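# Overview (structure and organization)
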Amino acid sequence: MNEVYYATQFDSDEDRGKRFLGTVQLVSLVILAVAVGHGVEKHVALVGASYALVRTFQLIQIWRAGRYLKQARPLTRHYVRGHGIGIAIWWLSVMLPAGWQVFGFLLGLVVEVCTNIWNGNLNKQFPPHISHLPERFGLFTILVLGESFVGAVNGALEYAPSWQIYLHMALGVLIAVSVWWTYFDRLDIEAVENLTEMKTELPYYIWLFAHLPLSAAIAAIGVGIELNIFLDTNHNITTFSGWILPGALAIYSLCEACICATAIGAGPPRLAMTKGVHIRLLAVLLLISLPWLMSGSLALLVLMATIMWLVVGGDLVMEKNIRKHEAKSGTT
């Protein structure tokens, strides 16, 4: 999110220094990815240090922007102070005993988030390019969504081809595509622009920060699809593993409902409809009830895919009805 804000406020094709800082950030992110891949619980300090390193270079970017743009210094000074404290807490937490590191990281993250939220009128004085936010967040979301397709393929590659494996894979892909449709049909630029013009910034921040659990849920959907194939093939479904995919879909649907609700509060954009929120909340209730009502991953996959595509169908029907209503209003 901080990188998106910087890019929409200060980025320039002529800035070679920014390219260098972006390069070292990518190196740090690769280190972070490797640490996560080897197991967060085994490499907590490395994960924390890699994140702090990325954020340190981002902080240098902000400081450079204020150095070259005097009119932006109130904003850059606020972020350098607030984020600097949060990042310093991350670096100090790396040196804490293993059991305490995560609590330090959480405190540092809270300080960083509060710095973004409690900034007086700075967001209104120096706003990001609002119309680019849905595009950038949408791009990030679709990259994360790609992991769901990878999960379906990885799960299938572990076993010899069979109708059961291909059925699991097809259902996993259908679930991933339903997430794609339900998210991007509600990514309304007009609604986001309206959010920034409201008297209170709370709906805007809900829209912004709801993307964090939403992205985490989409990543978990990919894990759940891959795990579903493995567990069903090996007949090793446990209570916890049976909850991963429906739980991730429920969290995704709940975040989507929050995003739609903020758009409704901002005004009357065509796609942001109250019924869309209701459908998503109903999907949440159905998804979290599935593991209690039945067992067997194939049957669960069929029902989860059905629920998600009913949400897609509901959106399409409402969109069609709204177009008909607009056409009638235009003729009268």
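Residues numbered from 1 in each chain as written. Predicted model: local features only at pLDDT ≥ 70, side-chain atom pairs only at ≥ 80, totals over all residues. Heavy atoms only, no water.

## Considering the nonpolar core
We count it as follows: Here, the term nonpolar core denotes a set of buried Ala, Val, Leu, Ile, Met, Phe, Trp, Tyr and Cys residues that are joined through side-chain atoms within 4.5 Å. Only protein chains enter the accessibility calculation, which uses a 1.4 Å probe; a residue whose area is less than 20% of its type maximum is buried, one above 50% is exposed, and one in between is partly exposed. The numbering of helices and of strands both runs from the N terminus, where a helix is a DSSP run of H or I of at least 4 residues and a strand a run of E of at least 2. Contacts: residue pairs with any heavy atoms within 4.5 Å of one another.
Counting 41 residues, the largest nonpolar core has I221, L249, Y252 and M304 as its most contacted members. Residue assignment for this core shows that the elements contributing at least two residues are α1 (2-9), α7 (132-157), α8 (163-184), α10 (202-209), α11 (211-234), α12 (241-266), α13 (274-293) and α14 (297-331). If we skip the residues at most four places from it in the chain, I221 touches S148, I175, V179, L245, A248, L249 and Y252. By size, the runner-up hydrophobic cluster in this structure holds nine residues, among which are Y6, I62, L122 and F126.

## Details of the environment of A257
In this structure, A257 sits in helix α12. Taking relative accessible area as the criterion, A257 reaches 3% and is therefore assigned buried. Sequence separation between A257 and A210 is 47 residues; the distance between their C-alpha atoms is 9.8 Å. Not counting residues up to four positions away in its chain, the partners in contact with A257 are V277, R280 and L281.

## Here we look at the packing of aromatic side chains
Rules: Any Phe, Tyr or Trp ring, taking Trp's six-membered ring, that has another such ring centre within 6.5 Å forms a pair; planes under 30 degrees apart are called stacked, those over 60 apart edge-to-face, and the others tilted.
Applying the stated rule across the entire model yields seven aromatic pairs. Aromatic pair W243 and W292: ring centres 5.6 Å apart, planes at 75 degrees, arrangement edge-to-face. Of this pair, W243 sits in helix α12 while W292 sits in helix α13, and the two are 49 residues apart along the sequence. With a relative accessible area of 26%, W243 lands in the partly exposed category. Within the aromatic cluster, the residues linked to one another by ring pairs are Y51, W90 and F105.

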